Amino acid sequence: MKNILTKLKRRIIRRRMIEQVGEKVKCYSSQYGGPRNSRSYSAANLEGPCSNYPNYGDFIQAFVLRTYGPWWQLCPSAAPVIRRRPPEFQSEDFVEISFEEKVYPRSVDIYETYNPGAIVRILAAEVTTHNGLKQKRWHTLWSGPPGCAEEISRKFSPELRRVNFPTKLIRLEFNSSHLNYYTELDGITLCGYSEHLFYSHSKETDLDELLSGKLSGLSVEDGHFQSNNGYFDKLPVEVLQKIFSYLDLLSLCKCAQVCTLFRDNAYDPLQYTDLDLQPFWTQVSKIIHLTTTAHTGPLLSTPDHCCPHRTTVSHTEPLLPTLNHCCPH
């Protein structure tokens, strides 16, 4: 037994620990920076080594989000609150950074140089190939509530959840609604091993895992009709619709697979007059913009910055099968 442990230790030592800075910003929801030919306060400042850390202050070489505090949600022009948002979802902005080499992540170091405390989630992308097509799925490495840290620069390095796949794409999500001024990031470092270290997959269930598989297989085929739905068969359709209106998206997806009665109510377009897809922006490959006629206005509401692409479908198409098509995970 001792010999086996010694050999295992030697194999671990031989594995190469890689520390690398961000190579390319792939996508972001917002930035304070100006036009594309300027890097002032832009997301591109996360590329490469730090420019300002450990100095603290407002630097144009930092990445700055477009908003801070609650004022933009309280102003008269603010969009109305979308009622189906899961209460545990806190993210308001994001940025995705790629690195040169794939590693099994051990730590992610984020250098905050002004008003730290806005980071609420860190995710890693698992890229697989199926039938010649690349598929990307996000896994949460860390999540936590936003906080107000001391007004000094800091290296934010939370303990990460272990994953069994190598990655070169990291996603940071932010909530700066509690801050009194803009938060600024100077850089990001990814550390990890080039080979797998045999740690087991965590059994922790997070939002990604709850969503994964729930949006697939939602188009339930008509099979054996079960007419015995208990007291639900005695309720008027309007009452059932009212009950279903209190469910979030994941609950609607689950109800659509229970029986024909539940499926019909979950597929009703009236359930999606107020639906926020922002909590699931790591799962959707396209953002669906479901619209009615010009007289009824938009039926599906979702933030423009969730994804650079939109898909518009007719209000006559069932929403859940459309989600199933556009959201493979």
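The numbers attached to residues start from 1 for each chain and follow its sequence in the written order. Reporting in this predicted model follows two pLDDT cut-offs: at least 70 for local features of residues, and 80 or more for side-chain atom pairs to be given and counted; totals over whole chains, interfaces and linings ignore these cut-offs and use all residues. Hydrogens and water are ignored here; the side-chain numbers use all heavy atoms of the structure.

A.B. asks: I would appreciate a short explanation of the overall build of the protein chain in the present structure.
C.D. replies: Scanning the protein chain for helices and strands turns up seven helices and 11 strands. Note on definitions: a residue-residue contact is assigned when non-hydrogen atoms from the two residues lie within 4.5 Å. Partitioning the intrachain contacts of the protein chain with sequence separation of at least 6 by distance along the chain shows that 78% fall at a separation of at least 24. Each helix corresponds to a stretch of at least 4 residues labelled H or I by DSSP, and each strand to a stretch of at least 2 residues labelled E; elements are numbered beginning at the N terminus.

A.B. asks: So what exactly am I meant to see when it comes to the environment of Lys136 here?
C.D. replies: Summarising the element assignment, Lys136 is placed in strand S6 (residues 133-143). Burial classes follow relative accessibility: with a 1.4 Å probe on protein chains only, a residue under 20% of its type's maximum area counts as buried, one over 50% as exposed, and anything between as partly exposed. Residue class for Lys136 comes out partly exposed when judged on its relative accessible area of 39%. Sequence separation of Lys136 and Ala125 is 11 residues, and the distance between their C-alpha atoms is 6.3 Å.

A.B. asks: Looking at this model, I keep getting lost on unusual backbone geometry. Mind explaining?
C.D. replies: When glycine is set aside, most residues are seen to have a negative phi, and most peptide bonds are trans. Note that the residue after Tyr53, namely Pro54, is joined by a cis bond; omega there is 10°. Counting through the fold element by element, Pro54 comes out in the loop between strand S2 (24-28) and strand S3 (63-64). One non-glycine residue with positive phi stands out, namely Asn115, at about 45°. Structurally, Asn115 is set in the loop between strand S4 (93-114) and strand S5 (119-130). A residue is classified by how much of its surface remains accessible, and Asn115, at 13% relative accessible area, is buried. In this model, Asn131 sits at a positive phi of 55°, which is unusual for a non-glycine residue. Here Asn131 is to be found in the loop between S5 and S6. Here Asn131 falls in the exposed class, since its relative accessible area comes to 70%.

A.B. asks: What am I meant to see in the pattern of salt bridges here?
C.D. replies: Where side chains of opposite charge bring their charged atoms close, a pairing between them can arise. The rule for a salt bridge is simple: a side-chain nitrogen of Lys or Arg has to be within 4 Å of a carboxyl oxygen of Asp or Glu. For the structure shown, the criterion picks out five salt bridges. A salt bridge links Arg121 to Glu173; the nearest nitrogen and oxygen atoms lie 3.0 Å apart. Here the residue Arg121 occupies a position in strand S5, and Glu173 occupies one in strand S8 (residues 167-174), the gap between them amounting to 52 residues. Judged on exposure class, the residue Arg121 and its partner Glu173 are both buried. Here the salt bridges do not stand alone but share partners, grouping Glu96, Arg121, Arg171 and Glu173 into one network.

A.B. asks: It is not clear to me how the side chain of Arg121 should be interpreted in this structure. Could you clarify?
C.D. replies: What makes Arg121 buried here is its relative accessible area of 7%. Whenever two N or O atoms come within 3.5 Å, that pair is a polar contact, provided that in protein one can donate a hydrogen and the other can accept it, and provided that, for residues adjacent in sequence, both atoms are side-chain atoms. Engagement of the side chain of Arg121 in a polar contact is seen with the side chain of Thr140, the distance being 3.4 Å.

A.B. asks: How should I be thinking about a nonpolar patch on the surface in this particular structure?
C.D. replies: Where nonpolar side chains cluster on the molecular surface, the patch consists of Phe232, Leu235, Val239 and Ile243 and spans about 280 Å² of accessible area. Inspection of the secondary structure assignment puts Ile243 in helix H4 (residues 237-244). Here a patch means residues that are over 30% exposed by relative accessible area and free of salt bridges, tied together within 9 Å if like-charged and within 5 Å if nonpolar (Val, Leu, Ile, Met, Phe, Trp, Tyr). For the area figures, the Shrake-Rupley method with a 1.4 Å probe applies, and any residue is considered shielded solely by the protein chains shown.

A.B. asks: I keep staring at the side chain of Ser29 and nothing clicks. Help me out?
C.D. replies: Note on placement: Ser29 falls in the loop between S2 and S3. A distance of 2.7 Å separates polar atoms of two side chains, one belonging to Ser29 and the other to Asp93. A distance of 2.8 Å separates the side chain of Ser29 from the backbone nitrogen of Phe94, its partner in a polar contact.

A.B. asks: Just checking my understanding: could you explain the packing of aromatic side chains for this structure?
C.D. replies: Centre-to-centre distance and the angle between the planes together describe a pair of aromatic rings. Each aromatic pair joins two rings of Phe, Tyr and Trp (for Trp, the six-membered one) with centres within 6.5 Å, and gets the label stacked for planes under 30 degrees apart, edge-to-face for over 60, and tilted for any other angle. Per the counting criterion, the structure on display carries 11 aromatic pairs. Ring centres of Tyr32 and Tyr182 lie 5.0 Å apart, and the angle between their planes is 55°; this geometry places the pair in the tilted category. Of this pair, Tyr32 sits in the loop between S2 and S3 while Tyr182 sits in the loop between S8 and strand S9 (184-193), and the two are 150 residues apart along the sequence. Taken together, Tyr32, Tyr41, Tyr56, Tyr68, Tyr114, Tyr181 and Tyr182 form an aromatic cluster joined through their ring pairs. In this structure, Arg171 is placed above the aromatic ring of Phe94, and the distance from its NZ or CZ to the ring centre is 3.9 Å. Note on criteria: charge over ring means Lys NZ or Arg CZ within 6 Å of the ring centre, with the direction from the centre no more than 35 degrees off the ring normal.

A.B. asks: Honestly, the pairing of S5 in this entry has me stumped. Any pointers?
C.D. replies: Think of it this way: DSSP has to see at least two bridges between two strands before they count as a pair. Relative to S8, S5 is paired through five bridges, and the arrangement is antiparallel. Looking at S8, one finds that Leu123 is bridged to Arg171. Across 10 bridges, the pairing between S5 and S6 is antiparallel. Bridging from a neighbouring strand, His130 pairs with Leu133 of S6. Where S5 hands over to S6, the hairpin turn is made up of two residues, of which Asn131 adopts a positive phi near 55°.

A.B. asks: Looking at this model, I keep getting lost on H4. Mind explaining?
C.D. replies: The periodicity of an α-helix, 3.6 residues per turn, causes residues three or four places apart in sequence to face the same way. Within the sequence span of H4, burial applies to Leu240, Gln241 and Phe244. Buried residues of H4, viewed axially, fall in a sector of 100°; they line one side. In this structure, the buried side of H4 is in contact with helix H5 (249-255) and helix H6 (260-266). To obtain the arc, one takes the directions from the helix axis to the C-beta atoms.

A.B. asks: I keep staring at the confidence of the model for the protein chain and nothing clicks. Help me out?
C.D. replies: Caution is warranted with low-pLDDT regions, since their predicted coordinates should not be read in detail. Per-residue confidence from the predictor is reported as pLDDT, which spans 0 to 100. For the protein chain, per-residue confidence averages 77 on the pLDDT scale, and 69% of positions sit at 70 or higher. Per-residue pLDDT stays below 50 along residues 286-317; that stretch engages in 74 contacts with residues further than four places along the chain or on separate chains.

A.B. asks: Is there a simple way to think about the state of the cysteines in this case?
C.D. replies: When two cysteine sulfur atoms are found within 2.5 Å, that pair is recorded as a disulfide. Inspection of the entire model under this criterion finds zero disulfides. Free of any disulfide, Cys259 has its nearest neighbouring cysteine sulfur in Cys255, separated by 8.6 Å.

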